[in-house]
Structure formats: C-alpha cells, structure tokens
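Single-letter residue listing:
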Amino acid sequence: MTENLSISVSRCEVEFIPGTIAALGKPTSQRKGPAEQVARLRTFRITSSDELNLIVGLYVWEAAAPEVRPIDLLGGLQKHNELKGRGGISLTISRDGKWLVPLRVLKYNATKGYFTLQGASEEEIDSILGHSFRELMMGLGAIKLGSREVIDEESNNKRNQLAMTVEPGNLEAIAVAYAVTRAQAVILDFGLDVA
Amino acid sequence: MSIFALPDDDNEVTILGIISAVERAASVEFCEFLNNQFDALGQKEWFEDVRHYRKSIGDPFTYKHPEDMRFIINEAVQNDSQIWHLIPNMNNAWTAAAIALKARLNNFHHGQLKPDLQSLLQIATLFDSIASSSGLGVSDWARALKTRIKKILDGTFEKPAELNPPIAIPDVPSDVTNSYNETKKEVAKRPPLGSKWQGEKPQRKLMLDRATEDLYEDGLSVSSELGELKEQTITTWLRYFPRGGEVWVDSDGASMAYVKGIARMVGWFSPEPEWNQSEVRGFVVPGDYEFTGKDVRDLESGLLLTHSSVDSVREIIEVLSKQLEPNDRISITDYGEIFNAGADGVAKKITRAHKNTWFEGQLPG
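Computed from a predicted model, the values in this text were never measured in an experiment.

So, the overall build of chain A
Moving on, step 1. Each helix and strand in chain A was counted, giving five helices and twelve strands.
Moving on, step 2. In terms of C-alpha radius of gyration, chain A reaches 16 Å, essentially the compact-globule figure of 16 Å for 195 residues.
Moving on, step 3. Each principal axis of the C-alpha distribution contributes one length, and for chain A these read about 45 × 40 × 35 Å.
Moving on, step 4. For chain A, the proportion of its 195 residues judged to be buried stands at 41%.

What about the overall build of chain B?
Moving on, step 1. When helices and strands are counted, chain B shows ten helices and eleven strands.
Moving on, step 2. Its C-alpha atoms put chain B at 80 × 55 × 35 Å along the principal axes.
Moving on, step 3. Looking at chain B as a whole, 35% of its 365 residues are labelled buried.

Side note on the pairing of strand β4 (residues 53–61) of chain A
All names here are of chain A.
Moving on, step 1. For β4, a buried count of seven out of nine residues is recorded, marking the element as mostly surrounded by other parts of the structure.
Moving on, step 2. Taken together, the nine bridges between strand β3 (residues 37–48) and β4 define a ladder with antiparallel strand orientation. Among the inter-strand pairings, Arg 42 is bridged to a residue of β4, identified as Leu 58.
Moving on, step 3. Adjacent in sequence and paired antiparallel, β3 and β4 are bridged by four residues, among which Glu 51 carries a positive phi angle near 80 degrees.
Moving on, step 4. The turn joining β4 and strand β5 (residues 67–75), which pair antiparallel and follow one another in sequence, is formed by five residues.

Some points on the packing of helix α3 (residues 69–76) of chain B against helix α4 (residues 92–109) of chain B
All names here are of chain B.
Moving on, step 1. Two elements in contact, α3 and α4, have axes whose closest approach is 10 Å; the angle formed by their N-to-C orientations is 145 degrees. As α3 runs across α4, the sense of the crossing is left-handed. Within the contact between the two elements, α3 uses Met 69, Arg 70, Ile 73, Asn 74 and Ala 76 and α4 uses Ala 98, Leu 101, Lys 102, Leu 105 and Asn 106.
Moving on, step 2. Here the contact of α3 with α4 is built from residues that sort into six nonpolar, two polar and two charged.

Structural notes on the interface of chain A and chain B
Moving on, step 1. Listed by partner, the interface residues are eleven residues for chain A and eight residues for chain B.
Moving on, step 2. When grouped by side-chain class, the residues that make up the side of chain A that touches chain B number four nonpolar, three polar and four charged.

Quick notes on the sheet that holds strand β11 (residues 144–147) of chain A
Sheet strands pair by backbone hydrogen bonding; their relative direction is either parallel or antiparallel.
All names here are of chain A.
Moving on, step 1. The strand order across the open sheet built from four strands is β7-β8-β12-β11, with neighbouring strands paired in antiparallel fashion. Strands with a single pairing partner mark the edges of an open sheet, and in this sheet they are β7 (92–93) and β11.
Moving on, step 2. Both β7 and strand β8 (residues 99–102) contribute to a ladder of two bridges, which runs antiparallel. For Thr 92, the partnering residue across the bridge sits in β8 and is Leu 100.

Considerations on the environment of A:Ala39
Residues and elements named next belong to chain A.
Moving on, step 1. Within the element layout of this structure, Ala 39 appears in strand β3.
Moving on, step 2. As for Ala 39 and Asn 170, which are separated by 131 residues in sequence, their C-alpha atoms are 16 Å apart.
Moving on, step 3. If near-sequence neighbours (up to four positions away) are discounted, Ala 39 is found in contact with Ala 23, Gly 25, Tyr 59, Val 60 and Trp 61.

Comments concerning the domain arrangement of chain B
Moving on, step 1. For chain B, the domain assignment lists domain 1 (12–182), domain 2 (204–268) and domain 3 (289–357).
Moving on, step 2. For domain 1 of chain B and domain 2 of chain B, the distance between their C-alpha centroids amounts to 45 Å.

Topic: the sheet that holds β4(A)
Moving on, step 1. A sheet is described by the order of its strands in space; here six strands give the open sequence β1-β2-β3-β4-β5-β6 (chain A), paired in antiparallel fashion. Taken across any chain shown, the strands that pair with only one partner, and hence form the sheet edges, are β1 (6–9) and β6 (89–90) of chain A.

Remarks on the nonpolar core
Moving on, step 1. Residues A:Val101 and A:Ala179 are the most contacted members of the largest nonpolar core, which totals 53 residues.
Moving on, step 2. Of the residues forming this core, the biggest block, twelve residues, is contributed by helix α5 (residues 171–187) of chain A.
Moving on, step 3. In contact with A:Val101, other than residues within four places in its own chain, are A:Ile89, A:Leu91, A:Ala163, A:Met164, A:Val166, A:Ile174 and A:Ala177.
Moving on, step 4. If you look at the next biggest cluster of nonpolar residues, it comprises 42 residues, including B:Leu34, B:Phe71, B:Ile83 and B:Phe127.

Thoughts on the pairing of strand β2 (residues 12–25) of chain A
All names here are of chain A.
Moving on, step 1. When β1 meets β2, the two strands line up antiparallel, connected through four bridges. Paired with Ser 8 across the two strands is Glu 13, which belongs to β2.
Moving on, step 2. Pairing analysis gives eleven bridges linking β2 to β3, with the strands arranged antiparallel. Opposite Val 14, over in β3, you have Ile 46 as the bridge partner.

Here we look at the packing of α4(B) against helix α5 (residues 117–131) of chain B
Residues and elements named next belong to chain B.
Moving on, step 1. In contact at an axis separation of 9 Å, α4 and α5 are set at 140 degrees when each is read in the N-to-C sense. When the axis of α4 is compared with that of α5, the two are oblique. Viewed along their axes, α4 and α5 form a crossing whose handedness is left-handed. Note on element contacts: α5 touches α4 through Gln 122, Ile 123, Leu 126, Phe 127, Ser 129 and Ile 130, opposite Trp 94, Ala 97, Ala 98, Ala 100, Leu 101 and Arg 104.
Moving on, step 2. When its residues are assigned to classes, the contact of α4 with α5 shows nine nonpolar, two polar and one charged.

Let's talk about unusual backbone geometry
Moving on, step 1. Notably, A:Asp189 is not glycine yet its phi reads approximately 55 degrees, a positive angle.
Moving on, step 2. For A:Asp189, the location among the structural elements is in the segment after α5.
Moving on, step 3. Assessed through the 19 C-beta atoms surrounding it within 10 Å, A:Asp189 is described here as partly exposed.
Moving on, step 4. The phi angle at B:Asn327 is positive, at roughly 80 degrees, despite the residue not being glycine.
Moving on, step 5. Secondary-structure assignment places B:Asn327 in the loop between α10 (314–323) and β9 (329–332).

Here we look at the confidence of the model for chain B
Moving on, step 1. Taken over all residues, the pLDDT of chain B has a mean of 90, while the share at 70 or more is 96%.
Moving on, step 2. Model confidence for the complex: the whole-complex pTM is 0.83, and ipTM, which rates the interface, is 0.88.

Some words on the environment of B:Pro66
Residue and element names in this part refer to chain B.
Moving on, step 1. Along the polypeptide, Pro 66 turns up in the loop between α2 (46–56) and α3.
Moving on, step 2. Owing to 22 C-beta atoms within 10 Å, Pro 66 belongs among the buried residues under this scheme.
Moving on, step 3. With 122 residues separating them along the chain, Pro 66 and Ala 188 place their C-alpha atoms 37 Å apart.
Moving on, step 4. Sequence-distant contacts of Pro 66, defined by excluding residues within four places in its chain, comprise Cys 31, Leu 34, Phe 47 and Phe 71.

So, how was this worked out
- Residues numbered from 1 in each chain as written.
- Chains lettered and ligands numbered in written order.
- Predicted model: local features only at pLDDT ≥ 70, side-chain atom pairs only at ≥ 80, totals over all residues.
- Helix = DSSP H or I, 4+ residues; strand = E, 2+ residues; numbered from the N terminus.
- Rg over C-alpha atoms; globule rule 2.2 N^0.38 Å.
- Buried ≥ 20, exposed ≤ 12 C-beta atoms within 10 Å, placed from the backbone.
- Pairing = 2+ DSSP bridges.
- Axes fitted to C-alpha atoms, helices over the stretch in contact; angles between N-to-C directions.
- Left-handed = near helix turned anticlockwise from the far one by under 90°.
- Contact = placed C-beta atoms within 7 Å.
- Nonpolar A, V, L, I, M, F, W, Y, C, P; charged D, E, K, R; others polar.
- Domains from an automatic or database assignment.
- Core = buried A, V, L, I, M, F, W, Y, C linked by C-beta atoms within 7 Å.
- Parallel < 35°, antiparallel > 145°, perpendicular 65-115°, else oblique.
- pLDDT = per-residue confidence, 0-100.

Set out below in structure tokens:
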C-alpha cells in the first residue's frame, strides 16, 4: 500500500486523499437557490499536534465558482469546532483565467468570543506559519501573491484584500493555504494574545 | 581528551563534554600562567599562601588545587585578591565576565546549566572574555566555538563528512554527569509549569472554562474537589492556558493541556507535591541578575523587575530584602526557584517566582 502524499505545515499535516468523486449539493454562493448541482470533489485531511482530524474538500462546481469547505471533523479539541461551521474559502476566476484564492484568516474575536474570518497582512500570516508564507506558496506553485488590486487589477471594496492566484486545480497550494489560515490559526489561538 | 572539540549539533553529551574540556584547558593554562608569574616573584607555594590567608581571615576555602577555574576566578575578583595584579588587562569588564562565568560553572557542576547550544555559546563567550586578555590559547578555542555555534543556530553549518579518525567527545566528570541525570530525571517526571509535557496523556479529562473560571467534568463542576485550592489552581491554569479548554489530569494531579498546539504542563489538580525545600530544582535560566536593595536588575538588559513583570512582584522583593544585601547576585531556575550561590558555591533557595512575576518571556510558558 502506498502512503498518500502529505505536506507538513508547522503544527499541521496535510494529507491528500487520492481520487475525485462527484458530489451533489448547493454552492455556498447559491445556497438560497432551489437547484442542486454536481461538483467534482477532491479531499484532504488536516491533522495536528493537538489531535485535530478534519476532512476538507475542494468543490469544483458545474455552474459556480470553486470553493473549499470543511466536510467532517473526525476528532479534536473543543476549540476545533470553530473550524466546522466557518472558514470556507470561495475562490474566483481571475482576469487571466487562474484561480484567485482570498487569504483571510480565522482570528479570535474578543467581542464575540469566537473565531471569525478577518483580513490579514502577509506579516500576520507569516507569524502564524512561523516563516515566509510567500516562499511556501510559491514553492507549491502559486503564481502571484499580493493585494487583489495588484494581482488582479480589482478596484472594488475588496481591492486591498490579500490573495493569491494559482493554476486551476492546484489542490496542494489551496489546501496548505487553508491549513495555515484556518487550522493553524485556530491551533495558535491567533488573536487571543491581542484580546 | 580531544583538543579543540567543536559541536556538530545540539547533542547534549557533546555539549557537556566540551564545557568540561574547555574549563579544564582554561584552568590548566591559567594555573601555568600564574605559576610562572609567582615563580618569577619567588613564591612557589602561592596556592598554599592564598589558602592560609583566606583561612586566617575566616573566608571559606574549599578548593583542593589551583587548577580549578572557580578558585582562580573567585580569588581574582576579591577586593583583597592575591592574584589580580598578575592578570594583564584586568578591568571591570574582565571582572563582570569572570563573575558571570563562575556562576555558570557552578551551575554546570551542580547539573543546573541547561545543556544546550545557548549555554555553550554563553560559556564560550565568557571564556573568550577572560582568556584573550591574558593571551591564553584557550581563547582561540572559545572563539572557534562561538563561530561554530552561531553557524549551527542560524542554520548555515553543514555537517562535514565523517572524519577519520572521528573527533572524540570529551569526558565529563562522573559527579557532573550524576547531577545532570538527577536534574533530567526530575524534569522528566514533572517538568516546570509551562514546559512541554513528558510522557503519556493522562486519562481524566476536565474542561477549564475561561468565562466562568470553573472546571467541569462531563458538564458538572468539579472545582469543589480542590477545596481552598480552587482559586489558586484556576489562576495558575489560566496563566499557562489562557484560552481554557480540555485539561488532562494524571493520578498525582499533574495536569496537561494543549497550548498553541503543544502539550504542556499547566498546573496541579491537587496540592503541589512537597519538594525538598533545601534543593534548587531544574535548569538555571541563562541570565545574570542583581538585587539592588529595592528591585532586581537584569544585568544584560539593564531592566528592572518591577517594570518588566506582568504581575506585581512586591512579595518577592520583600522576601529578597530580608535575605540579601544590595548588589548580591541571584539566579533563577526554569521552575521559578530564585537562589543565590553562597561562598561555597552551593545554591541557596530564597523564594519562588512564576512567569508573570519574573522578567517577561524568561520563564517557560
């Protein structure tokens, strides 16, 4: 039996589960719509030094933008429940036909008492990872990393948001970005020290 | 013994061996240097003369021979030193380095110097400071050590291919090895609060709730089991585990939680076991501290404790005031035990601090 490909990222291990399956459901962007559609689903597992065991999927929808969603929290601490209901990533298609991955992070919100998705600087993400996030992502095939204005000429209210572009289907880069900005952020209680 | 042994990595046996070997080499060289100087003055029995002088004025004198670095330093820095005039370029910087080195060597001989590259770097730097001004060869070794350790620490050192014959690891005196084994056994049993948990995860699982400041087991509060210790226990746990969450409690009460993804010792769900009150536990935190009379100064940064701790240190200062004189040096272990070394070099415990009543970031957690 061969072992699945896995990548170690700080306190997390990202294991890629081979194969693509068909999944029926509603894209997050169309969750109020009546029609379900089929997605090509590829999955990965994130485990951690503090007992997290989370299955996450990359959904490539027939008629909606791709997205990353947690599927099943198989094990972990109470705080890992924060990853169950929030922290998905909605991708968009960039002007040059690549996938644009917004890079927000799960950060502890002292007012609400739980983690929420918030904008983050590259330095903040470096601090979560413990070294250069840009170098890691470029090594995994990211094409550009910067503000949406810089990497995709956006001029809307999201133009200052940090994002990266990858070749369509680059699961490794997307999964590792998810592991850092979601799982690792919760493991490190990102934002709690400030609170 | 190999000469000029350098570390390739952070192997603690090698580190301890090198510290021991550098100390021996420095002692022999310093002693030879002093022998030559005293020979020229016609004082061949100078060590005996020093011993008689010290005993005659009631100073403790436990050294058995002059080839002991702690003797040489101790004698050199006395106000009425019998040897300082023979050491070239003796100045305040030399004296400060010598006092710091003596403290490190005392820690080393009592198994309290953490056997890591940082400790070796400090020792090498201090040896370089006191040996180079006298033109002793051991300063070359100390400088080579500094260069090598910095390369290992910054990740630029590449281990050479296997040497033939390989460089032997210097021997460590058995009493030092025994002291280290004792300290390591103690740490392995129950590490300092905030340090990595050692061993299996305990079975009993509790929940520490940050909002209610209470402890639950299967949804029911169990803090009544602690009686009068409730408040103190929860305060301690939250100090090391501020977010709260699952805590696992072992049969002796030692408690572990995942703090930022790492299993750590966060406290006790019981009265803390009574330790031997006279012995200082754990490894010494690298640093030199001076009691000013009203405060504690970190001699490296110059910071004062009252301005550098999270919580009030009034009680600690009060205890220190009763047992120390201004300008006395103190040290602290990773268990938070504050002590000073008496004239005999034996550590005397004074009081205890925790991570919030000591210089921020210097104690575990």
